[in-house]
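Structural overview for review
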Amino acid sequence: MPSANRAAVTDALLAEFERQLASGEPALATCKQLLRDSYDEFAQHFSQGTPASQLVQQATLLTDAVLQSTWSHFLPVEAEASLIAVGGYGRRELHPASDVDVLILTARDPQTLAEHIEPLVMFLWDIGLEIGHSVRSLTQCIDWARNDITVITNLLESRLLAGDPRLFERLQEATAPEQIWPSPAFFSAKADEQRARHAKFEDSGQDLEPNIKESPGGLRDIQTIGWVAKRHFGVSTMQALVDHGFLNDHEYQQIKHGEEFLWQLRYALHLLTGRHEDRLLFEHQRALAQQFGYTDASANLAVEQFMQDYYRHAMQVQRLNEMLLQLFEEAILLGNKLGDPVQINRRFQTRSGYLEVVNPGIFSRYPLAMLELFLVLQQQPQIQGVRASTIRLLRAHRHLIDQRFRDDIRARALFIEIFRQPRGLTHATRRMHRYGILQRYLPAFNAVTGLMQFDLFHVYTVDQHILMVLRNARRFTLEEHSDECPRCSQTFKRLPKPELLYLASLFHDIAKGRGGDHSELGANDARKFCQHHALSTHDAELVAWLVENHLVMSRTAQHSDIDDPEVIQAFAMRVGTPVRLDYLYLLTVADMRGTNPKRWNSWKAALLDHLHTRTEIALERGLEQPREQEEVVSERQEKARAQLVQLGYDDHDLQRLWQSLSTDYFLQNSADAIVWHTQLLWPPGKTIDRIHVELRCDTQYRCTELFLYGPDRDDLFAHTTALLDQLSLNVLGARIQATEGGLSINSYLLLEEDGSQISGNERLREIRYFVEDRLNGGEPPTGCPRIPRQLQSFQTQSEISFEQDAGRGLTRLTLKTSGRPGLLSLVGQAFAAQRLRVHNARIATAGAEARDTFAITDRQDRPIDDPKRLAAISEAIRSILDD
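Read on for a plain summary of the structure. Think of each chain on its own: its residues are numbered from 1, step by step along the sequence as written. Confidence filtering applies because this is a predicted model: local features only for residues at pLDDT of at least 70, side-chain atom pairs given and counted only at 80 or more, and all residues used for totals across whole chains, interfaces and linings. Excluded from the side-chain calculation are hydrogens and water; included are all heavy atoms of the structure.

1. Some points on the nonpolar core
Definition in use: Side-chain atoms within 4.5 Å are what join buried Ala, Val, Leu, Ile, Met, Phe, Trp, Tyr and Cys residues into a set we call a nonpolar core. Between buried and exposed lies partly exposed: a residue is buried under 20% and exposed over 50% of the maximum accessible area for its type, with that area taken using a 1.4 Å probe on protein chains only. What counts as a helix is a DSSP run of H or I of at least four residues, what counts as a strand is a run of E of at least two, and both are numbered from the N terminus. We call two residues in contact whenever any of their non-hydrogen atoms come within 4.5 Å of each other.
Counting residues in hydrophobic clusters, the biggest one holds 190 residues, and the most contacted among them are Tyr310, Phe328, Phe363 and Phe415. Counting residues per element, this core draws most heavily on helix 14 (residues 302-333), which supplies 16 residues. Once residues within four sequence positions are removed from consideration, Phe415 is found in contact with Leu371, Met432, Leu438, Tyr441, Leu442, Leu506 and Phe529. In terms of nonpolar packing, the next biggest core, distinct from the first, is built from 43 residues, Ile736, Ile767, Ala830 and Leu870 among them.

2. Describing the packing of aromatic side chains
Inclusion rule: When the centres of two rings from Phe, Tyr and Trp lie within 6.5 Å, Trp using its six-membered ring, the rings pair. Their planes under 30 degrees apart give stacked, over 60 give edge-to-face, and anything left gives tilted. Two conditions define a charge sitting above a ring: the NZ of Lys or the CZ of Arg must be within 6 Å of the ring centre, and it must be within 35 degrees of the ring normal.
All chains considered together, the criterion is met by 25 aromatic pairs. Between Tyr294 and Phe306, the ring centres sit 5.6 Å apart and the planes meet at 65 degrees, which makes this aromatic pair edge-to-face. With a gap of 12 residues between them, Tyr294 in the loop between helix 13 (282-291) and helix 14 and Phe306 in helix 14 connect regions that are remote in the sequence. Under the relative-accessibility criterion, Phe306 is labelled buried at 1%. Taking 6.4 Å as the distance between ring centres and 85 degrees as the angle between the ring planes, the aromatic pair formed by Phe717 and Phe854 counts as edge-to-face. Taken as a pair, Phe717 in helix 36 (residues 716-726) and Phe854 in strand 17 (residues 849-858) lie far apart in primary sequence, 137 residues in all. Here the aromatic cluster, defined as three or more aromatic residues joined through ring pairs, consists of Phe405, Phe415, Phe419, Tyr441, Phe507 and Phe529. The lysine or arginine in question, Arg159, covers the ring of Tyr89, its NZ or CZ lying 5.2 Å from the ring centre. Positioned over the ring face of Phe186 is Arg231, at 5.8 Å from the centre of the ring.

3. Brief notes about the pairing of strand 3 (residues 131-137)
Inclusion rule: Two strands pair if DSSP finds at least two bridges between them. The handedness rule is simple: strands pointing away from the viewer, and a clockwise path from the first strand over the helix to the second, make the crossover right-handed.
Judged from the 7 bridges that link them, strand 2 (residues 100-106) and strand 3 form a sheet pairing that is parallel. Counted as the bridge partner of Leu103 is Ser134 from strand 3. Chirality of the crossover, the property in question, places the unit of strand 2, helix 5 (residues 114-126) and strand 3 among those that are right-handed.

4. Digging into empty space enclosed by the protein
This is how the line gets drawn: Here the term cavity refers to a set of points on a 1 Å grid, laid over the protein atoms alone, in which a 1.4 Å probe fits but cannot get out; the term pocket refers to an open set having protein on both sides within 12 Å along at least five of seven lines, with lining residues being those that place an atom within 4 Å of a point. Grid points are joined across faces, edges and corners, and a volume is the space filled by probe spheres set on the points. When residue character is reported, Ala, Val, Leu, Ile, Met, Phe, Trp, Tyr, Cys and Pro are called nonpolar, Asp, Glu, Lys and Arg charged, and the others, Gly included, polar.
By the definition in use, this model includes 3 cavities of 30 Å³ or more. Approximately 150 Å³ is the volume attributed to the largest cavity. Arg713, Phe717, Ile736, Val838 and Arg859 are the residues nearest the centre of the largest cavity, which is lined by 17 residues in total. Mapped onto the lining of the largest cavity, the elements with two or more residues apiece are helix 36, strand 11 (729-738), strand 12 (743-752), helix 39 (823-833) and strand 15 (836-842). Counted by class, the lining of the largest cavity contains 8 nonpolar, 4 polar and 5 charged residues. Roughly 110 Å³ of internal volume is contained in the second largest cavity.

5. Thoughts on helix 7 (residues 149-156)
In plain terms, the rule: Pairs of N or O atoms are called polar contacts if they sit within 3.5 Å, as long as, within protein, a hydrogen donor faces a hydrogen acceptor (for residues adjacent in sequence, only side-chain-to-side-chain pairs).
Counting buried positions along helix 7 yields 6 of 8 residues, so the element is predominantly enclosed. When we look at burial in helix 7, the residues that qualify are Ile149, Val151, Ile152, Thr153, Leu155 and Leu156. The N-capping residue of helix 7, defined by a side-chain oxygen 2.8 Å from the backbone nitrogen of Thr150, is Asp148.

6. Some thoughts on the sheet that holds strand 3
To keep things clear, this is the line we draw: Simply put, an axis is a line fit to the C-alpha atoms, just over the touching stretch for a helix, and the angle between two N-to-C directions goes from 0 to 180 degrees.
Reading across from one edge, 3-2-1-4 is the order of the 4 strands in this open sheet, with mixed pairing throughout. The sheet terminates laterally at strand 3 and strand 4 (159-163), the two strands that pair on one side only. The average angle at which neighbouring strand axes cross in this sheet is 25 degrees, direction not considered. Here strand 1 (residues 81-85) pairs with strand 4 via 4 bridges, running antiparallel. Each bridged residue has a counterpart across the sheet, and for Ile84 the counterpart in strand 4 is Leu160. Taken strand by strand, helix 3 (residues 52-74) contacts strand 1, strand 2 and strand 4, and its axis lies near 30 degrees from that of strand 4.

7. Describing the pattern of salt bridges
Applicable threshold: A side-chain nitrogen of Lys or Arg and a carboxyl oxygen of Asp or Glu constitute a salt bridge if their distance falls within 4 Å.
Counted by the stated rule, this structure contains 59 salt bridges. With a closest N to O distance of 3.5 Å, Arg166 and Asp164 form a salt bridge. By relative accessible area, Arg166 is classed as exposed at 61%. According to the relative accessible area criterion, Asp164 is buried, its value standing at 13%. Across the pair Arg837 and Asp712 runs a salt bridge whose closest N-O atoms are separated by 2.8 Å. Placement of the pair is Arg837 in strand 15 and Asp712 in the loop between strand 10 (703-711) and helix 36, with a sequence separation of 125 residues. The exposure class assigned to Asp712 is partly exposed, which follows from its relative accessible area of 24%. Several salt bridges converge on common partners, so that one network encompasses Asp712, Asp714, Arg835, Arg837, Arg859 and Asp861.

Structure representation (structure tokens):
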């Protein structure tokens, strides 16, 4: 139906509704149809391009008309009561699923009008309005407002819809700043409220699934500015702040643009979900990106482009909110009465502990002061921050940071000096980003600002991640944080030039989103930057090498067998020198901790520490003298033997027991583990006719080892991993041996599901008895675990590849697939069906993606190299995972 005709129908329905109410005829069905048709019409207009800012106003007008007519029908003319719109409805901002918040205000006890009010409220619910109502007498309302910041805030936006206007005026007079909540108290309460709200989102609006209303940079930040302005200045629009000098025209336009962008998203989100939903959940992001016209590009998905636009708008709103609240603080709390200026140099001074320029023309006459400001803050740690007026000047003059500025040797010297300072680098770079200076000085950084990667592994946008990595690198220097990564803190003290690590942190991901290999592209950027900033050729090449290789150590530690001397030798040859090794180790730890802090754990720290230690030894020994496997095996056996003989074990029997174990067993286990396993398997040749389970704390890898031994069987790996999944345990790796006598010896390295170490004897007993009971004939696992909501948005087809390890007689299967509960058990079922034996498993889950490596053979311990057999294995795994 054409929109003009639909509008005519809506007007006719409204007139019919009013007529029915006036005549006493049943009006419920007519009103329900009126609201349903009207909201259908609004949705059609939105899909045709009508801005949400217009539609929320139209929805408000319609709702006003319905409520006013309904009030007139249910309340007698002489009733001393008022119907008042509050909250978002009071602001005339009704989105498709917004609550319609109203206050029914009475002059006396509300119970005197209960016979009229209760049918009114029931009718409003029956017609389909999401009414949020409160019924208060004038006295009750004033008391509530006096004691509750939320109530007084709602009343700030109140509008009289119907009823007694004098009663509404009395409410306004009684709740004015002169009576309750004067401006200073109101501002302090709203500022505290915002700090608490922001803290729930870790002070970041760049959450993977942001709340477009409540997150930092969301609609609530804009509303907070309006509430404070209205309470202090008595203004009703943001435009009025321009007249009061608290906003300039450009800032006002930025806020309005941000508000309109967020309104568009919120309107679309309500229509998409059919409910009051303000969270941009993963399952909605793709649909909204398509709706708003984004398309996949070679370097970035449509959803990533869409979310980058969202994050940039949110960042703009958040920064303006911060600046304006600081201005309000000076005007409202301090009354613009600041302390006397304390001179720092010819360009800067402090006032009441905050840095400011000596006059407003500093940045226009001497643009280099925009970089100098951050150096001053580093060198004067007693300064609490930057005055809002100076922040505004920075924002207004940052366009002066152009290529001519970047080429100025003084600017280059200032920038490098900031990175060489012994303190304050984290705060300096975060402020530079917040005020828009870092993006101007490094255009490549601007390109990644707000850029997200649509997965569960990278929990920060690229710009946030880079600054987090820089912060992590800085923490290695601080004694109070030395317990977080002790080896890193000790290694950092050996670095000849810490600023090179910081520059590598700044550039390591700066080329993301361009297409191609971001490590190579970033290395080129880093090399040019270092050369441009007069670093030596050696230093420039070291920074570029670190950027190009920043993923190598992580991949080696997590995906390769670092117990294998050949792996260590190959990695040592790639690194080349102890100095490079130290820099790369520190960058890798800082990077991994800054990608997803919740996924960093003691196991990953131990892997990197061991790789660093073993590579350090290899480099000291000399790359021309690599360690052989036999040397490592002999060394570990001798250490274990010495401990066991001292405990009274017979050397000959030890040798007899160990002969049944493979070389891989001794490569993969430490001397302490070998001692423990030997004690459990002792004496040699004893009959073991059931599965036994024991646990210990593995101090080497900072996790718990579950040691399982007993009769071998095809489904043992699948069954065990299913049980561990039921216990909500995180399997980090598995080492599986089968002796000629049919004994299976398995070690599973475990952490709790949240990445913490398993602790408490009761928990250890629970794990031991549960696994042992179920493996020895107890109730088997049934059903498939439910895939969590977030993971369902990232389902990908499985990729399987094979590599032959001729030296160790193994076939290595690498699986890249969607992460999910019970994954290892499903893979184990496929292995069992294909009559395969698992010798080793390395588990690495990156967000919603699992990248696991399995060393396998057939049941006769032979590698699998027949192409048809490999294809059958691939098909078996895919059928069970992608079903």
